[in-house]
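The chain contents come next:
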Amino acid sequence: VNQSEIIAKLQGIFDDLFLEPVVLTPALSAKDVPEWDSLTHISLLLAVEKSFGIRFRVGEVEATHNVGEFADLIGKRLREP
Amino acid sequence: MIDYDELKTLLAGGSPDFWEALAKSTRQATGFDQLFRLSVLRKKAHARHLVQEGTVHERVRLAIVGGYSFFPLRDVIEHVCETERYPCELWVGDYDNYNSEIMDETSGLHEFKPQAVLLMPPESRCRYSGKLTDARELQIAEAGTIVASLLALAQKLNETLHAEVIMTNFMLPARHDLGGFRARTLGSDWSFRKWVNLHLGLEAPPYLHVCDLEFLASRQGGRYARDERAWFESKQPGSSDLLLEIAREVTHLLIGLRRPPKKVLALDLDNTLWGGVVADDGLEGIEIGDTSPRGEAFKAFQRYIVSLKDRGVLLAVSSKNDHDKAEAAFLKHPEMVLRMDDFVAFRANWEPKSENLRQMAADLNLGLDSFVFVDDNPAEIEIVRQFAPEVATIELGPDPSTYVAQLQDCRFFEPRNITAEDAERTRQYQSEAKRKEALGAVTDMESYWTSLEMAGEISPFTAVDIPRLAQLINKSNQFNLTTRRRTEAELNLLMADPAYACFSFRLSDRFGDHGLVSIVIGKKEAEVMSIDTWVMSCRVLKRQVEDEVLNEVVRLARLQGCTKLAGTYLPTAKNGMVRDFYGRMGLSLSHEDETRRDFVMALDAFQPQPTKIAIRHRAPQPA
């Protein structure tokens, strides 16, 4: 799976979790979206882990700066055995 | 499965059914991720101004403090409370700042004036500081200090804010760590926390409600209740799924302080209390007892039901059945655990069950909303849901081995502060039935009252009575003039306030002790004694209790120098029976609109009504 496929799947998750529609692009980051606060963030991670069937390691999501890097991290965890 | 599409459709169409569907889905949710999606839909409904119809209770001011981060827990609590129609207004303390928030009376917490405080002390504070091998006395002393300091925080909250306190206790470790040695010392987290939890629970005063994390985590499976990553990343108290359980428990405790408990368990018979159909299979054909696994399961279910009765739950039968054959099962079957005298109502006939339940409620002077109906048959459950929607229902399904667990998890019959009266209730209702027979035998009310040999005891509010007073005030719906609910903390305040004249009334007669049957809270405003609250147990209607209570209200009003008595009726769906009560008691209607009826009476004209109740006054207790 490549970054754009992952972002497409992420879009569906965002649509369920945000009150106002958010259009995902690789450059988008949490600070661009007023609703993307710490509460939404925790819920977002849980939803992503569940729907992709992966588990992030401590602190690594925080180290991503935008949707593109986040999608790449998801891809990296998906490629793990 | 949660049907998000249905919810979205209801929301898009602006349908008020959205809220009921949302509440149902929220109850079904098994994980935090589901709950969060539901919470988003709830917020969308607010943004669209979609209003919840029906009764929504007043907002409860709830503060959350402790040694964790409360995002997202606060959101989950807000969601669960709101979908259960008990919305709350939240204030959340700073991370791990609870000691100063509680002790400093100028803090934001005190400014917020919460009615309830959720306190979640961190488990890092519940750990023995010495060695595993230290003398047990040292370990006990330290555990005792922790319990005492937690109780002191709760006491401070209650004394300064008059708030109910909900406090979480401590999860036990879920890793092998010390192995079997963990149980050989109080110095291990395992033993130390068990000791602290145990003593916190046993020593909790009535205003302190322990939200039992040890239990919730064990129910979930200890390893699944924890999430170390969530602790390191954002100081969460446990796994996301545990947050959901905490939120549910907190909501349950909050609502439990305000909503009356259920009183009656109404049971189907065939394939609910035994296997098979007694009218078809005969006494020897039904499955009950230790001869088969199914029979054992039904017998265990009956045993559990008897234990509910011993706790004070009233039992009733509502069955589509031939009355004589159904009765014979209880009279003649040797393996039957339940017997006829366990039931306060027995309706085996061919009427719709919704009608039978209505009739029972009328006979017992209870509201339909104090009934829980249990049946294995989905069709019968559906009829009751449709035609007697106030009744809570449990659809048992086909496997009797699950029945006990279903009742144990239904949460309708949980004791709060157990009062001796609870356990006596079945006997009281049965003697009520005898009393009605006596009523048939004597010809006029005067001689009936005389024959009852009634004795009444009037007492000011006392500390020991508070749990029972709160219970009666909060569960009375029908004979309740104003339906003002009060927590134990609020009653304690009233008791000490000289502007209030409060008393309770107990009644006994030759058939038994009715216990506490009526409560009045009067408020003195200049020369007017105004009746803020008057509740009475419907079991003692038409027994002259109301006359004696009014006599007492007037006596107290005169003692306080009042010249007028004022009473108000605030209508609810259930208290229609007292709409004209003050009028019948001799007060005059002074104001009336849709929301209230006000009555007034000049005290100089009042003559005490003589009754057949021998009255005894209990002296005020020194504080």
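From a predicted model like this one, the values you see are computed outputs, not experimental measurements. (Residues numbered from 1 in each chain as written. Chains lettered and ligands numbered in written order. Predicted model: local features only at pLDDT ≥ 70, side-chain atom pairs only at ≥ 80, totals over all residues. Heavy atoms only, no water.)

A.B. asks: Now, about a nonpolar patch on the surface: what can you tell me, with residues and values included?
C.D. replies: Residues and elements named next belong to chain B. A grouping of L132, L178 and F181 is seen on the molecular surface, where their side chains present a nonpolar patch of about 210 Å² in accessible area. Mapped onto the elements of the fold, F181 is located in the loop between β4 (164-168) and α8 (189-203). Exposure remark for F181: the relative accessible area of 34% places this residue in the partly exposed category. (Patch = residues over 30% accessible without salt bridge, like charges linked within 9 Å, V, L, I, M, F, W, Y side chains within 5 Å. Areas by Shrake-Rupley, 256 points an atom, 1.4 Å probe, with all protein chains shown as cover. Salt bridge = Lys/Arg side-chain N within 4 Å of Asp/Glu carboxyl O. Helix = DSSP H or I, 4+ residues; strand = E, 2+ residues; numbered from the N terminus. Buried < 20%, exposed > 50% of the residue type's maximum accessible area, 1.4 Å probe, protein only.)

A.B. asks: Can you tell me about the interface of chain A and chain B, naming the residues and giving the values?
C.D. replies: Of the residues lining the interface, 18 residues belong to chain A; the matching set on chain B comes to 18 residues. Carbon and sulfur atoms make up 61% of the surface buried where chain A meets chain B, a total of about 1600 Å² over both sides. It is D16(A), L19(A) and L39(A) that lose the most area in chain A upon contact with chain B, and together they represent 34% of the buried surface on that side. For the interface between chain A and chain B, the tally reads five salt bridges. In this structure, R37(B) and D16(A) form a salt bridge, with 2.9 Å as the shortest nitrogen-oxygen distance. (Contact = heavy atoms within 4.5 Å. Buried area = accessible area lost by both parts, 1.4 Å probe.)

A.B. asks: So what's going on with the sheet that holds strand β1 (residues 60-66) of chain B? Which residues, and what values?
C.D. replies: Residues and elements named next belong to chain B. In space, the five strands of this open sheet follow the order β2-β1-β3-β4-β5, with parallel pairing throughout. The two strands at the open ends of the sheet, each matched to only one other strand, are β2 (88-95) and β5 (208-211). With strand direction ignored, the average angle separating the axes of adjacent strands in the sheet is 20°. Here helix α7 (residues 136-161) sits on the sheet in contact with β3 (116-120), β4 and β5, set at roughly 155° to β4. (Pairing = 2+ DSSP bridges. Axes fitted to C-alpha atoms, helices over the stretch in contact; angles between N-to-C directions.)

A.B. asks: Go over the sheet that holds strand β6 (residues 264-267) of chain B with me, naming the residues and quoting the values.
C.D. replies: All names here are of chain B. The five strands lie next to each other as β8-β7-β6-β9-β10, forming an open sheet whose pairing is parallel. At either margin of the open sheet sits one strand with a lone partner, and together these are β8 (343-349) and β10 (392-395). Across the sheet, the mean angle from the axis of one strand to that of its neighbour is 20°, orientation sign disregarded. Both β6 and strand β9 (residues 371-375) contribute to a ladder of four bridges, which runs parallel. Its bridge partner being in β9, V264 is matched across the sheet by F371. Against the sheet, helix α14 (residues 293-310) makes contact with β6, β7 (314-320) and β9, and its axis sits at roughly 155° relative to β6, the strand it touches most. Sitting on the sheet, helix α16 (residues 353-364) is in contact with β6, β7, β8 and β9, with an inclination near 150° to β7.

A.B. asks: Could you give an account of helix α3 (residues 67-78) of chain A, naming the residues involved and the relevant values?
C.D. replies: Residue and element names in this part refer to chain A. End to end, α3 covers 16 Å across 12 residues, agreeing with the expected 16 Å (1.5 Å per residue, within 8%). In the core, the buried residues of α3 are packed alongside α1 (3-17) and α2 (38-52). Put simply, N66 is the residue that caps the front of α3, since its side-chain oxygen is 3.1 Å from the backbone nitrogen of G68. (Expected span 1.5 Å × (residues − 1). Polar contact = N/O pair within 3.5 Å; in protein donor to acceptor, adjacent residues only side chain to side chain.)

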